[in-house]
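# Observations on chain architecture
Chain by chain, the residues run as shown.
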Amino acid sequence: MSDNMNTRTGRRRAKEQTKATPKKKRKGLLKKLFIAAVVFFTVLVLAGGITVFAMIASAPPLDQERLMLAQPAEFLDQSDESFTRLEGVENRIRVSINDIPELVENAFISVEDIRFREHFGVDVRRLFGAVAANITGGFGAEGASTITQQVVKNLFLSPEKTMSRKLQEQYLAVKLEQQYSKDQILEMYLNAIYFGSGAYGVQQASITYFDKANLEDLTIEDAALLAGIPQRPNHFNPLKNPEAAEQRRNTVISLMERHGKITSDEADQARAVSVIEQLNPAEQEENPYQAFIDQVLSEVEAIEGITTSDLYTAGLKIYTTLDRDAQTHVEKVLQTDEFIQGYPDNPDFQAGVTLIDTATGQIKAIGSGRHPHEVKRGFNFATDIKKQPGSTIKPVLDYGPVIEHLKWSTGKIIVDEPHNYSNGTPIRNHNRSFAGPVTMRKALADSLNIPAIKALQEVGLDNAKEFAQTLGIPFENDQIYEPYGIGGFTTGISTLDLAGSFAAFGNEGVFIEPHTVRKIEFPDGRVIKMSPDPVVAMSDYTAFMVSDMLKSVVTAGTGANANIPNLPLAGKTGTTNFDEDDRKRLNIPDGGVPDVWFAGYTTRYTAAVWTGYDRKGEQNYIHGTTERRLAQHIFKAIMEEVSKNIETPDFNQPDSVVRVGVERKTGLLPSPFTPQSEIVYEYFVKGTEPTKMSEAFQSIPNPTGLKVGYNEDTDQILITWGYPNNQKNSVTFNILQSVDNGGFEPIMTTKDMQHIVTSPTPGSTYRFQVIAVADENPNLKSDPVQGEVRIPEIEIEEPIEEEPEQPEEPPVDEDEELPIELIPEPDPVPDDEDVEEDDTAASASTDVREEDEEDN
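Residues numbered from 1 in each chain as written. Predicted model: local features only at pLDDT ≥ 70, side-chain atom pairs only at ≥ 80, totals over all residues. Heavy atoms only, no water.

Helix and strand counts for the chain stand at 27 helices and 27 strands. Counting every position in the chain, which comprises 856 residues, the buried fraction comes to 52%. Looking at the chain alone, contacts between residues at least 24 apart form 70% of all its contacts between residues at least 6 apart. For the chain, the computed accessible surface area is about 41600 Å², with 49% contributed by carbon and sulfur atoms. (Helix = DSSP H or I, 4+ residues; strand = E, 2+ residues; numbered from the N terminus. Buried < 20%, exposed > 50% of the residue type's maximum accessible area, 1.4 Å probe, protein only. Contact = heavy atoms within 4.5 Å. Areas by Shrake-Rupley, 256 points an atom, 1.4 Å probe, with all protein chains shown as cover.)

In structure tokens:
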């Protein structure tokens, strides 16, 4: 029994020991983990402390001279030569804090740092809120910078968003608060920040926007407007974007009200004043490069983590793409009569130009308007306008996409005939007629609307939109409609947008976003490279074939006035139209249009030109041949200047394109001196070229029913013929004549189907040939049809000769002057009798208007 007990006891003890062993092991493991964790966190804290200490140790010292004023940025041109510093274009007046009214202080403190008077340089409450936002949204999602931090950031640190810079910013802010009073720091801030339009500091901003040199004269709405600008100076510039500025101003007013700086009644009264009513901009000294610099500022402001104020207070070097000679020339072309005559005598008439390097996308010059002061007003008619582009968009939305996706040739036959949009709305051409079968080249050269929309419908809106967006063309709400294919945009585009898209065709299909900044260099030597990456936007065959067709526009189409001899040049015209309501309301005469464009390019340069009016008005319309040609003349004057003394290669035909020669009949009778056929060339995507040309491509119908008759009563030969109704508008008739078996010689070219020969020689035999010639291609001709008529002899009775009576001559008085017969001079003939019709872009609504395109 004892053994049994021992056995039980042994088993129990063994069991208890077995249970006890894991507990001891677990306790030992937890202890080790705890010790390891303590060691790890200790090391982590030490490492973090060392890292933080190293970051702080590398922070720059608080240089008192830099605290007094930010270091101005230096601008360098395309040759890395300095052309201005910000003190050359900025306006800054330092003002003491004692001269800044409490109202102004409260406006800035309310929107930027409401606890400015309470914190020690860093707002802990705001900091924790920003940390939470950054955890969910990523580092840099929300900032917590106080006014003090903004001062040290602008004057001493780089604008990049990094942990190191943020720690240095907080450290220097605390240090700055220890050395300077709150009033001194606020004074630094209000004198350093940038307000747009070249104004630095609150004093200069007050003068720039309100013409108020005394800050005591500022109203609540004035102070709130100024306080809202520095967050995004160009975007919230009230002269350029009053709607956004007013929205931002009202936000500041609401914050002032919430924090008890103004009463509710005062807030309501301030919000009731429109920004337009507030503004009274002061005249400023003109800067020849201001239009270009404004675009630089816009690009800089768009950089992630960098504001305009950051860049223009940190002693930066900004390497731009500016061609100073080109910029000067563009301004002269637009703002003087030295190169262009015929500008309308109307102060509302405007023009804008963007000139870029075709191969690099670098903006070389910007023509912001007809009047120098327009730049100072903040609006740029080259980059800020949003206008319907008219027919200039056809290569981008119609013919480019259809070549890219469907591989149409330049000789693709499109029938210009009555046609509708998909919703049933009829489409009309500018001349209210139809050309019948035409090649795609001819349709683009003559800016026919119906073939353009047919191409768009074939390739599809989605493909067209994607193609255009890849070329930088913006669309409101990411939507396009069929009228867009002839320029009927809901909002519109700028010359900058259009120039960028056209340059890709001249750059073998590679799109590079237009830009003015090449790189930015910081005082410590660090560099931010700004040149955009190239994007292959289309196949090389698309780029070449569109370019070759656009060459026909300037050599034999609507853009002939922009043509420059011996310069390989492609381009497109474009014109918009008034809607019926505006036409009636403003008494716009027939032929009056709101906008005329021209965009073109070589392998070296691309330029887009817009001409039109700043605002709608009864006298604000483009009318007449001279005014309609201004866009082409502006383009020509600029392109001639920038292209002189340099070699400009022609557009390179890629291996993906083949040139096919088509043998066509000449329509001439056999002759040892005249070939009976000729070769016409068109371009095809390799692999799609025809092995046998279609009948429609080889020939056109012959004239029919030729009749030749002589009328004795009128002594005239009458020639008449017929032609198929669906094609008669697309041909011209050549009439050749032979007398008494002589050779045939051309006597007339006509669109009519009859001709009269007066006073033919009696007894002679007259033979006539009539040949139809395709308007799309003068080399495409019908066979000649022939007829003849013999003119009868005239029987003349010989009269009986009688001796006439000789009149008695009066005596001559030698002293009398013989009268001089005065022959009136003929009326002067105008230099150009052709009154061109320009293309009118349809609106995006269902009330689509046809396009009037000048036909040279």
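Contact geometry of helix H18 (residues 394–406) with helix H20 (residues 449–459) gives a least axis separation of 9 Å together with a crossing angle of 50°. On the basis of the axis angle, H18 is oblique to H20. The crossing of H18 and H20 is left-handed. Residues Lys394, Leu397, Asp398, Tyr399, Pro401, Val402, His405 and Leu406 of H18 form the contact with H20, whose participating residues are Asn449, Pro451, Ala452, Ala455, Leu456, Glu458 and Val459. Grouping the constituent residues of the contact of H18 with H20 by class yields 10 nonpolar, 2 polar and 3 charged. (Axes fitted to C-alpha atoms, helices over the stretch in contact; angles between N-to-C directions. Parallel < 35°, antiparallel > 145°, perpendicular 65-115°, else oblique. Left-handed = near helix turned anticlockwise from the far one by under 90°. Nonpolar A, V, L, I, M, F, W, Y, C, P; charged D, E, K, R; others polar.)

Of the residues making up helix H21 (residues 461–470), those classed as buried are Ala464, Lys465, Phe467 and Ala468. Buried residues of H21, viewed axially, fall in a sector of 165°; they line one side. Buried residues along H21 sit in contact with H18, H20, helix H22 (495–506) and helix H23 (540–556). Just beyond H21, the residue with positive phi is Gly472, at close to 85°. (Arc of directions from axis to C-beta.)

Before going further, it helps to examine the sheet that holds strand S1 (residues 74–76). Backbone-to-backbone hydrogen bonds join strands into a sheet, with any given pair of strands oriented parallel or antiparallel. As summarised here, the arrangement of the 5 strands in space is S2-S1-S5-S13-S14, forming an open sheet in which the pairing is mixed. Two strands close off the open sheet at either side, each with one partner strand: strand S2 (82–85) and strand S14 (527–529). Neighbour to neighbour, the strand axes of the sheet diverge by 20° on average, direction disregarded. One ladder, built from 3 bridges, connects strand S13 (residues 517–521) with S14; its direction is antiparallel. Across the sheet, Glu521 pairs through a bridge with Val527, a residue of S14. (Pairing = 2+ DSSP bridges.)

Bear in mind that shape data such as this cannot, by itself, settle questions of function.
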